[in-house]
Amino acid sequence: MLTTRYTLIYVALMTLVVVASNFLVQFPLNATVAGINLADILTWGAFSYPMAFLITDLTNRQFGPQAARKVVFAGFVVGVALSFFTAVPRIAIASGSAYLAGQLLDIAVFNHLRRQAWWRAPLVGSLIGSALDTVMFFSLSFAAFFAFLGPNEPFALENAPIFGILSTEAPRWISWALGDFAVKMLVGLVMLLPYGALMNVLRPMQSAPAR
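Description of the structure in this document. Keep in mind that this is a model prediction, so the values were computed, not measured.

### Quick look at the packing of aromatic side chains
With the rule as written, the count across this model stands at 13 aromatic pairs. Arranged with centres 5.6 Å apart and planes meeting at 45°, the rings of Trp44 and Phe47 form a pair that is tilted. For Trp44, a relative accessible area of 42% corresponds to the partly exposed category. Judged by relative accessible area, Phe47 falls into the partly exposed class, the value being 28%. Each ring, one from Phe142 and one from Trp176, has its centre 5.2 Å from the other, and the planes form 75°; the classification is edge-to-face. Taken together, the residues Phe142 in helix H6 (residues 120–142) and Trp176 in helix H8 (residues 172–190) connect sequence positions 34 residues apart.

Okay, here's the thing in structure tokens:
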């Protein structure tokens, strides 16, 4: 009964993060750093979405991988439903597929490393999961190869200097992906703080693996 109640709390938190990220992705980050116009490569959703990995890891730590997968699948259902209401089908497919693959990979990596140093499992799991999430989302959404999922976006496919400042050019979606992953790495490091602070509060249940 306790496990079910706490799992529902994690599901509610995951749903909140997914809903917030779907809303915040509409708003570019209006700032300039080192000559880079961040509005061209980042939205506020890039900062909220990595919290999904924190929720997954805390669920995994406390209740094990089976409960963590339930939380992930609940977020997947909400995310896909919202995406189809707020985005074109190709973006919705990319968003749902990337979220599911990235979160499930995070769970697998976390379980593999959970008996090592306390920070290693959440950090490595979230970074590897984020990398897969980023590659899948931006490739499925914008790469010309995946045009069978929906029409290509000409602006995303146009060559432009990477980050708008480098001499090397690439399709714009490459800069978007690199910027997104850079933020996910930064937020992944920051998320170690609440994870570490909650370790002694959210102890593993007897049915869950240690660490």
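### Here we look at the pattern of salt bridges
In this structure the tally under the stated criterion is 3 salt bridges. Lys184 serves as the salt-bridge partner of Asp133, at 2.7 Å between the closest nitrogen and oxygen. Linking Asp133 in helix H6 with Lys184 in helix H8, this pair joins segments that are 51 residues apart in sequence. Residues Asp133 and Lys184 agree in their burial class; the two are buried. Residue Glu158 pairs with Arg172 through a salt bridge whose shortest N-O separation is 2.6 Å. Linking Glu158 in the loop between helix H7 (154–157) and strand E3 (159–161) with Arg172 in helix H8, this pair joins segments that are 14 residues apart in sequence. Bridged by salt links that share partners, the residues Asp133, Asp180 and Lys184 form one connected network.

Definitions and limits used
- Residues numbered from 1 in each chain as written.
- Predicted model: local features only at pLDDT ≥ 70, side-chain atom pairs only at ≥ 80, totals over all residues.
- Heavy atoms only, no water.
- Phe/Tyr/Trp six-rings, centres within 6.5 Å; stacked < 30°, edge-to-face > 60°.
- Buried < 20%, exposed > 50% of the residue type's maximum accessible area, 1.4 Å probe, protein only.
- Helix = DSSP H or I, 4+ residues; strand = E, 2+ residues; numbered from the N terminus.
- Salt bridge = Lys/Arg side-chain N within 4 Å of Asp/Glu carboxyl O.

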